[in-house]
Amino acid sequence: MVSRSYSNLLELASGEAPSPSFSRMSRRIPRIMTVAGIMSDIDDDTSESVASDPSSSSQKDRIIIVTNQLPIRVHRRTDGSRGWTFTWEENSLPIQLKDGLGDEDLEFIYVGCLKDDIHPNDQDEVSQILLETFKCVPTFLPPDLFTRYYHGFCKQQLWPLFHYMLPLSPDLGGRFNRSLWQAYVSVNKIFADRIMEVINPEDDFVWIHDYHLMVLPTFLRKRFNRVKLGFFLHSPFPSSEIYKTLPIREELLRALLNADLIGFHTFDYARHFLSCCSRMLGVSYESKRGYIGLEYYGRTVSIKILPVGIHMGQLQSVLRLPETEAKVSELIKQFSAQGKTMLLGVDDMDIFKGISLKLLAMEQLLMQHPEKKGKVVLVQIANPARGKGKDVQEVREETYATVKRINEAFGEPGYDPVILIDQPLKFYERVAYYVVAECCLVTAVRDGMNLIPYEYIISRQGNETLDKVLGLELSSPKKSMLVVSEFIGCSPSLSGAIRVNPWNIDVVAEAMDLALVMPEAEKQLRHEKHYKYVSTHDVGYWARSFLHDLERTCKDHSRRRCWGIGFGLSFRVVALDPNFRKLAMEHIVSAYKRTTTRAILLDYDGTLMPQNSLDKKPSMKTIDILNNLCQDKNNMVFIVSARGRDKLDDWFSSCENLGIAAEHGCFVRMKGDEEWETRVPVAECNWKQIAEPVMQLYTETTDGSVIEFKETAMGWCYEDADPDFGSCQAKELLDHLESVLANEPVTVKSGQNCVEVKPQGVSKGLVAKHLLSSMQEKGMSPDFILCIGDDRSDEDMFEVISSSMAGPSIPPHAEVFACTVGRKPSKAKYYLDDTVEIVRLMQGLASVAEQMAPR
């Protein structure tokens, strides 16, 4: 078993590091013998070991949970003998997740680091006992590498930035450090190596948690193109304006897009991620039947928005403990019995939890309401910070100084307005504080989720035993009050809480007062609403929902053709339908030579001409290609475009035998010397007088947008506008135009960076139908058909050609090539990557046409 191997940092940063050799494991991990000197506090029960009976285990779905830290406590034996003992960390999310699911048909494997350093000589032994007894795969990191990875890149660079702290100076967050980034990549690679030792890639689900392992999906996807991979981010995801300052911004986005499902606590976090993908990678999203997805090289990457819940069973069991009851009795004597009302804060001692702001609000409350002096106490429980650094020490010093100042100003014998508990409490002690507190204050300036309000609500619901201790009647309704920051992940789900801007001290003080004086009936209603939500949306509900969506997203893996492209962290997988393949030059050239009558339909913008090109006029190279194809009298070559006929006539005036369909086929001309034919009856365009003012309004309010006027159509184009704002405005404009033009003989459609209004019944599909039928009438039904386009309007042509293959207009033996630009869902059977490949393909056909032309 590979336990501590890791490769050269530079190799890892390029993504090309060799993987350690390991034997491929079966679906079940083989039994490993217990090693002397390594002990567990759990009996060696074969029914619970990783190597249980293969016949029964084969029916189980297996989930590999990957976290920065394993849910294991490590204790060095105290009896003087060499060895370790291990216990579960019951309060950790991975254990709560498993217990919450409570599904005996699921098997869990855990991969992560241990809290304690294990000497290299003991690592293999520890791996064996943890794998056998706990189904845990420890990832051992050299201390220096761990420091640079966790305390360096994770805590000094990613964590501050994701909490909206820009490194404007060396003291404000960490400036980007390439060596720390390489350490981060190295550790993610080591995690991948450990997962490789236990994964069955065809069957297992892998669920990665949090920002410590954001590039891990790339390493796993590179090894196994079809791996079933979910990722959940437990921290905030910042807005694009903040995120784009990160030098490795694209690498992280592409790595996350190698997952099948990406989870966020709130819509805001998801929206920021989607905006970053759109602005930095050009990857847009769609919402279909309630599911949000991004099309990424043929793969659908789904987005999940659901806040994590708490472990109801665990918390309720703690509420039933005698120790909890005793602590509640003690707190009642300390506070309630002396006429004091407790306000409670529970936060980590770090810069984003807003402890000092909360203390200032308490000071403001006592200044504005002197009658509350001696009656209201703020108990602030300060948990140890998870990171290290000067900022943590500064927060601690500021907190102590503020508490001291408030207590000196407002305190009196037997009364301290603020009680600071700056030491770790046992869980039952914390729960006891929840039970007694009249109001819980969570005023973090930025936090990913924060489950403190959820724990408080369930604790306030209590049980019969605690009701007796509190002196409540058994049937009396419960009450709770919450003051929560607008900037924490749980805030949107707590609609009955008093939401505050933690930076506004006056508002927080007013909220604290409101929580104290609010009528009892109102407190009860708010508590009832919160309790109903929190009790039904627990950690089990969250885990089941995530895994259900992961299974749904991965269901098509087996029927897709997959292959990897790109190097290093730019690696991604292309996944296509088995029948959707790249159009090969030799294939189409061979078909061209074998056939005699040919129909060629070509879109212009985005097909022959790149969308981002400023000069849209065709080059001489394009003109020569078209003329070479048109010189064969058995070829019918058509340009099918959304542009107006005057512009197309001017651009292609030198192509005498070229057919042109303008404005999506509203005007058609078979050859340069023929008259334009109107294919669809065009009514009077009085509707333009309605549409133009509406489009003009959106043009004035959307910088970078323009109106494109045509004879029978109008288009609002936002190619040069802000992508997010332009897309938002386009949706609004679409609805607006559909409303005001409901009684007009026109259709309103959205295209690529545009919203277009055109006559009803006009489509590129009609052009294809007209061309095929006219060739059939002339007795020259095509035995070679090539149709290339890049956007939604071209799908109409692909559909007509596909449906015509069973009809009389296309012979049964015909060679048909419907080709789209880019690897994306399409009705076409073929694709080419970009306009460069299309022009190269057309040039190849033109060369063959020139060779075959009679001399």
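Residues numbered from 1 in each chain as written. Predicted model: local features only at pLDDT ≥ 70, side-chain atom pairs only at ≥ 80, totals over all residues. Heavy atoms only, no water.

It is worth spelling out the overall build of the protein chain at this point. Counting its regular elements, the protein chain contains 28 helices and 32 strands. Seen through its C-alpha atoms, the protein chain measures out along the principal axes to roughly 110 × 65 × 55 Å. The buried share of the protein chain, taken over its 855 residues, is 56%. In the protein chain, 72% of the contacts between residues at least 6 apart in sequence involve partners at least 24 apart. Summed over its atoms, the accessible surface of the protein chain is roughly 36,500 Å², and 49% of this surface lies on carbon and sulfur atoms. (Helix = DSSP H or I, 4+ residues; strand = E, 2+ residues; numbered from the N terminus. Buried < 20%, exposed > 50% of the residue type's maximum accessible area, 1.4 Å probe, protein only. Contact = heavy atoms within 4.5 Å. Areas by Shrake-Rupley, 256 points an atom, 1.4 Å probe, with all protein chains shown as cover.)

Our focus in this paragraph is the sheet that holds strand β26 (residues 706–709). If you walk across this open sheet you meet the four strands as β26-β27-β29-β28, and the pairing is antiparallel. Both edges of this open sheet fall to β26 and β28 (746–751), since each of them pairs with a single strand only. Across the sheet, the mean angle separating the axes of adjacent strands is 15° when strand polarity is ignored. (Pairing = 2+ DSSP bridges. Axes fitted to C-alpha atoms, helices over the stretch in contact; angles between N-to-C directions.)

With the rule as written, the count across this model stands at 33 aromatic pairs. Taking 5.6 Å as the distance between ring centres and 80° as the angle between the ring planes, the aromatic pair formed by Tyr592 and Phe784 counts as edge-to-face. Of this pair, Tyr592 sits in helix α21 (residues 585–594) while Phe784 sits in strand β30 (residues 784–789); the two residues are 192 residues apart in sequence, bridging distant segments of the chain. The residues Tyr592 and Phe784 share a single accessibility class, namely buried. Grouped by ring-pair contacts, the aromatic residues Phe146, Tyr149, Tyr150, Phe153, Phe176, Trp181 and Tyr184 constitute a single cluster. Here the guanidinium or amino end of Arg598 rests over the ring plane of Tyr592, the centre of that ring lying 3.9 Å away. Above the plane of the ring of Phe667 lies Arg645, whose end atom (NZ or CZ) is 4.0 Å from the centre. (Phe/Tyr/Trp six-rings, centres within 6.5 Å; stacked < 30°, edge-to-face > 60°. Lys NZ or Arg CZ within 6 Å of the ring centre and 35° of its normal.)

Here we take up the pattern of salt bridges. Counted according to the given criterion, the structure contains 46 salt bridges. Close ionic contact of Asp347 with Lys358 constitutes a salt bridge, the shortest N to O distance being 2.5 Å. Of the two residues, Asp347 is situated in strand β12 (residues 341–348) and Lys358 in helix α13 (residues 355–368); the sequence distance between them amounts to 11 residues. As a salt-bridge pair, Asp422 and Arg396 come within 3.8 Å of each other at their nearest N and O atoms. Within this pair, whereas Asp422 is found in the loop between β14 (418–421) and α15 (427–436), its partner Arg396 is found in helix α14 (residues 390–410), the two being separated by 26 residues in sequence. Asp422 sits in the partly exposed class, given a relative accessible area of 27%. Residue classification places Arg396 among the partly exposed positions, given a relative accessible area of 24%. Via salt bridges that share partners, Glu438, Arg460, Lys479, Glu520 and Lys523 belong to a single interconnected network. (Salt bridge = Lys/Arg side-chain N within 4 Å of Asp/Glu carboxyl O.)

With respect to the secondary-structure elements, Ser793 resides in helix α27 (residues 792–804). Polar side-chain contacts of Ser793 include one of 2.6 Å to the side chain of Asp791. Ignoring anything within four residues of it in the chain, the contact list for Ser793 reads His664 and Lys764. (Polar contact = N/O pair within 3.5 Å; in protein donor to acceptor, adjacent residues only side chain to side chain.)

Time to look at the environment of Trp207. Counting through the fold element by element, Trp207 comes out in strand β6 (residues 205–209). When the C-alpha atoms of Trp207 and Ala361 are compared, they prove to be 41 Å apart, with 154 residues separating the residues in sequence. When neighbours within four sequence positions are excluded, Trp207 is seen to be in contact with Ile64, Ile65, Val66, Leu97, Gly230, Phe231, Phe232, Trp542, Ala543, Phe546 and Leu547.

To continue, consider the confidence of the model for the protein chain. Summary statistics for the protein chain give a mean pLDDT of 88 and a share of 91% for residues scoring 70 or more. Predicted confidence in the protein chain is weakest over helix α1 (residues 9–14), with a mean pLDDT of 38, and strongest over strand β8 (residues 261–264), with 98. This model gives residues 1–58 a pLDDT under 50, and the stretch forms 135 contacts once residues within four places in sequence are excluded. (pLDDT = per-residue confidence, 0-100.)

What follows concerns helix α16 (residues 452–461). By the criterion of burial, α16 is predominantly enclosed, with nine of the 10 residues buried. Gly462 occupies a position one or two residues after α16 and carries a positive phi of about 60°.

A word on the pairing of β14. Looking at chain direction, strand β13 (residues 376–383) and β14 are connected through four bridges and run parallel. Bridge pairing links Ile381 to Ile421 in β14. Note that the unit made of β13, α14 and β14 has a crossover that is right-handed. (Right-handed = clockwise from strand over helix to strand, strands pointing away.)

Since the α-helix advances by 3.6 residues per turn, residues separated by three or four positions end up pointing in the same direction. The first and last C-alpha atoms of α13 sit 20 Å apart over 14 residues, in line with the 20 Å expected at 1.5 Å per residue. By the criterion of burial, α13 is predominantly enclosed, with 11 of the 14 residues buried. Those residues of α13 that fall on the buried side of the exposure criterion are Ile355, Ser356, Leu357, Lys358, Leu359, Ala361, Met362, Glu363, Gln364, Leu365 and Leu366. If you follow the buried residues of α13, they end up packed against β12, β13, α14, β14, β15 (439–442) and α18 (505–517). (Expected span 1.5 Å × (residues − 1).)

Between α21 and helix α28 (residues 835–852), the shortest axis-to-axis distance is 10 Å and the interhelical angle comes to 30°. If you check the angle between α21 and α28, you find them roughly parallel. Here the hand of the crossing between α21 and α28 comes out right-handed. Residue-level contacts link Met585, Ile588, Val589, Tyr592 and Lys593 of α21 to Arg840, Leu841, Gly844, Leu845, Val848, Ala849 and Met852 of α28. Its residues assigned to classes, the contact of α21 with α28 shows nine nonpolar, one polar and two charged. (Parallel < 35°, antiparallel > 145°, perpendicular 65-115°, else oblique. Left-handed = near helix turned anticlockwise from the far one by under 90°. Nonpolar A, V, L, I, M, F, W, Y, C, P; charged D, E, K, R; others polar.)

For the rest of this paragraph, the subject is unusual backbone geometry. We note that Tyr164 has phi near 70°; this positive angle belongs to a residue other than glycine. Relative to the assigned elements, Tyr164 resides in the loop between α5 (143–162) and α6 (178–196). Here the phi dihedral of His664 falls at roughly 60°; this positive angle occurs in a residue that is not glycine. Considering the arrangement of structural elements, one finds His664 in the loop between β23 (659–662) and β24 (667–669). Residue classification places His664 among the buried residues on the basis of a relative accessible area of 5%.

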